[in-house]
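Single-letter residue listing:
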Amino acid sequence: MRWKAAEVPLNRDASERFLPWLMAFLIYLGALALAAAMAVHNAVGHWDSGLAGKLTVQVMPGAADENPAITAERVARVLEELRATQGVVQAHALDEEEIVDLLEPWLGGATESWNLPLPQVVAVELDRDRPPDLTALSARLGEVEPGTAIDDHQRWLGELLDLIRGLQILAIGVIALVALASIGAIVFITRTGMAIHRPVIDLLHLIGAQDSFVAWQFQLHALKQGLRGGVVALALTVLTLLSLGYLLQRADIAFLPAVSLSAWEWCVLALLPLLAASVAMITARITVLATLARMP
Amino acid sequence: MIRFEDVVISYGEGPEVLSGVTFHLAPGSFHFITGPSGAGKSSLLRLMYLANMPSAGQIYLFGQPVENINRKGRAELRRKIGVVFQDFRLLPHMTAAENVALPLRIAGRPEDKIKQHVAELLAWVGLADHCDDLPETLSGGQQQRIAIARAVITRPSLLLADEPTGNVDDRIALRLLYLFEELNKMGTTVVIATHSEQLMARLNHPVIRLTDKALYLETPQPKASGTAIEAEAEDVPEESAA
């Protein structure tokens, strides 16, 4: 005996067949937006922790024909003042090779063609709990070696944080729009399904089906379609993120952070299809119950 | 079981199909409803299985006024009612067995019991070899028997049938009527809408005749054989004025 066909044959509807693809597309967009928000958040955290408690002191280049010994002496005076300052944990002058490494991404690898007077750079690590007064430090360094500049990266980091926050709000907006579009699509498709299968629904009612029995048919279908779409979307998202990570790695652009997600962030992405399918299921149920409540 | 009090039936702004309908069908009774086409037989049945509400008046089913019953309560009430629709209303995507099983599945009965009942009932209506057939592959008579099997599988307290023997030959018609009588003997209240005077004559039960928007009761003459169900003249008023 053949058994257990669904009471409402939703899987035969033309409109129902494209639901998984629509869901896949929407979940994919949502997943990319979420991944972008998480990756950007990570990058900010990385930059912030990398720069917190650190500053850079630039000792301006002297005349083009300045004796290197004099230059070294000027740097030594700055180092001495820095090391004598309370709240400075460590200070060391970058050698020429390190400075070239820093500038290479912006100026290119052909260093002989730069022909630029390069400043001497001192990397300083501060006591995070008791940092020195930077204004006073700057003034003292100016007295020791005129033209010496301090950069604590806060201005650059602040502007970057504003940008990142803007991007995060944008990503959240995209996710919200995607969620709304998904809910709208499911409501529309569910109502269409109910109109198509009205005779079946009427019959089920006449032989004693509760509204919840009818709603179950639609919500189960929406759950399955959401899961199918979600799995496709997840596969596409993983593929996209891995490809993007590979391309960024190959491009070797120093100022762009690596697209990296932590294990739990990958788990959040993996849960997205389940979440989307659950939302689809709940939306379908609410739609059916609300529509049936208006029927005689 | 069923009480109509001054019930008026009309559709939208259209004319009244029936008006001032008042009667009472006692539990365990067996009645025919007859009348010319358009007299309101099906409309009367639709009120009984809660597919429509009256335009005016009051209907009591199983002792409850139907207008006070909410959707959940109506669904529970419908589970006590078996309906054989004139157009069968079989679900085309489901097999004969699945169609018959539908009321049991809706009622949440265990699957093994459902299979057993369905197989027995399909065998009884002579369709044991058609369990897995889709309705479109069956004849009108076979579809009608599936519709009847679906209506009786829950052993309802009230069985309503709209022209249940219209598409079957005499032998099957008689067999189905005996099924209805058996159910009636076990306590099911049976109401059959039919055009067939021959059918009504064969079974000696009260007839509700619809004419000119009004309803009249014809009580049967007791048969010598004693097999007919006794008339229940007190259940239905002699005449309900339009």
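Basis of the calculations
Residues numbered from 1 in each chain as written. Chains lettered and ligands numbered in written order. Predicted model: local features only at pLDDT ≥ 70, side-chain atom pairs only at ≥ 80, totals over all residues. Helix = DSSP H or I, 4+ residues; strand = E, 2+ residues; numbered from the N terminus. Buried ≥ 20, exposed ≤ 12 C-beta atoms within 10 Å, placed from the backbone. Contact = placed C-beta atoms within 7 Å. Pairing = 2+ DSSP bridges. Axes fitted to C-alpha atoms, helices over the stretch in contact; angles between N-to-C directions. Nonpolar A, V, L, I, M, F, W, Y, C, P; charged D, E, K, R; others polar. Core = buried A, V, L, I, M, F, W, Y, C linked by C-beta atoms within 7 Å. Parallel < 35°, antiparallel > 145°, perpendicular 65-115°, else oblique. Left-handed = near helix turned anticlockwise from the far one by under 90°. pLDDT = per-residue confidence, 0-100.

**Q** Could you give an account of the overall build of chain A, naming the residues involved and the relevant values?
**A** The helix and strand tally for chain A stands at nine helices and four strands. Out of the 296 residues belonging to chain A, those deemed buried represent 27%. Considering only intrachain contacts with a sequence separation of at least 6, the fraction spanning at least 24 residues in chain A is 86%.

**Q** Can you lay out the sheet that holds strand β2 (residues 16-25) of chain B for me, pointing to particular residues and giving the numbers?
**A** All names here are of chain B. With antiparallel pairing, four strands are arranged side by side in an open sheet as β2-β1-β4-β5. Two strands bound the open sheet, and with one partner strand each, they are β2 and β5 (64-65). Here strand β1 (residues 2-10) runs beside β2; their pairing, made up of six bridges, is antiparallel. Across the sheet, Ile-9 pairs through a bridge with Leu-18, a residue of β2. Taken strand by strand, helix α1 (residues 41-48) contacts β1, β2 and β4 (56-61), and its axis lies near 125° from that of β1.

**Q** Describe the sheet that holds strand β3 (residues 120-126) of chain A, listing the residues and the values that go with them.
**A** All names here are of chain A. If you walk across this open sheet you meet the four strands as β2-β3-β1-β4, and the pairing is antiparallel. The open sheet has two edge strands, β2 (88-93) and β4 (149-151), and neither has a second partner. Each strand axis lies, on average, 25° off the axis of its neighbour in the sheet, ignoring direction. Relative to β4, strand β1 (residues 54-59) is paired through three bridges, and the arrangement is antiparallel. Looking at the pairing, Val-57 lines up with Ile-150 of β4.

**Q** Explain the interface of chain B and chain A to me, using residue names and the numbers behind them.
**A** Counting from both sides, the interface comprises 22 residues of chain B and, opposite them, 17 residues of chain A. Counting residues per element, the ones that place at least two in the side of chain B that touches chain A are α2 (71-78) and α3 (96-106) of chain B. Of all the elements, α3 of chain B adds the most residues to the side of chain B that touches chain A, at five residues. Classifying every residue of the side of chain B that touches chain A by side-chain character gives 12 nonpolar, two polar and eight charged.

**Q** Describe the nonpolar core, naming the residues involved and giving the relevant values.
**A** Formed by 110 residues in total, the largest nonpolar core has its most connected members in Ile-27, Ala-31 and Leu-34 of chain A together with Val-100, Leu-122, Ala-149 and Leu-160 of chain B. When near neighbours in sequence (up to four residues on either side) are disregarded, Val-100 of chain B contacts Val-118, Leu-121, Leu-122, Ile-146, Ala-149, Arg-150 and Ile-153 of chain B. Membership of the second largest hydrophobic core comes to 11 residues, among which are Leu-55, Val-78, Ala-91 and Val-124 of chain A.

**Q** I'd like a description of the packing of helix α5 (residues 140-152) of chain B against helix α6 (residues 170-185) of chain B, backed by residues and values.
**A** Residue and element names in this part refer to chain B. α6 packs onto α5 with a crossing angle of 5° between their chain directions and a minimal axis gap of 12 Å. Considering their axes alone, α5 and α6 lie roughly parallel with respect to each other. Judged by residue contacts, Gly-141, Arg-145, Ile-148 and Val-152 of α5 engage Ile-172, Leu-176, Leu-179 and Leu-183 from α6. Each residue belonging to the contact of α5 with α6 can be placed in one class, and the counts come to six nonpolar, one polar and one charged.

**Q** Break down the packing of α3 of chain B against α5 of chain B for me, citing the residues and quoting the values.
**A** Residue and element names in this part refer to chain B. Across the interface, α3 lies against α5 with an axial gap of 7 Å and an inter-helix angle of 25°. What the angle tells us is that α3 and α5 run roughly parallel. Crossing geometry of α3 relative to α5 is assigned as right-handed. Contacts between α3 and α5 pair Ala-96, Asn-99, Val-100, Leu-102 and Pro-103 from the former with Ile-146, Ala-149 and Arg-150 from the latter. Each residue belonging to the contact of α3 with α5 can be placed in one class, and the counts come to six nonpolar, one polar and one charged.

**Q** Residue-level account of the confidence of the model for chain B, with values.
**A** Atomic detail in the predicted coordinates should be set aside for any region of low pLDDT. Residues and elements named next belong to chain B. Predicted confidence across chain B gives a mean pLDDT of 84, with 91% of residues reaching 70 or more. This model gives residues 224-242 a pLDDT under 50, and the stretch forms 43 contacts once residues within four places in sequence are excluded. Scoring the predicted complex yields pTM 0.74 and, for the interface, ipTM 0.84.

**Q** Can you tell me about the environment of His-93 of chain B, naming the residues and giving the values?
**A** Mapped onto the elements of the fold, His-93 of chain B is located in the loop between β6 (81-84) and α3. Sequence-wise, His-93 of chain B and Glu-136 of chain B are 43 residues apart; in three dimensions their C-alpha atoms are separated by 9.1 Å. With near-sequence residues (within four places) excluded, His-93 of chain B lies in contact with Ala-5, Pro-9 and Arg-12 of chain A.

**Q** So what's going on with unusual backbone geometry? Residues and values would help.
**A** All names here are of chain B. Despite not being glycine, Asp-6 has its phi angle at roughly 50°, a positive value. For Asp-6, a count of 13 C-beta atoms within 10 Å corresponds to the partly exposed category. For Phe-62, which is not glycine, the phi dihedral falls at a positive 50°. With respect to the helices and strands, Phe-62 occurs in the loop between β4 and β5. Residue classification places Phe-62 among the partly exposed positions, given that 16 C-beta atoms sit within 10 Å.

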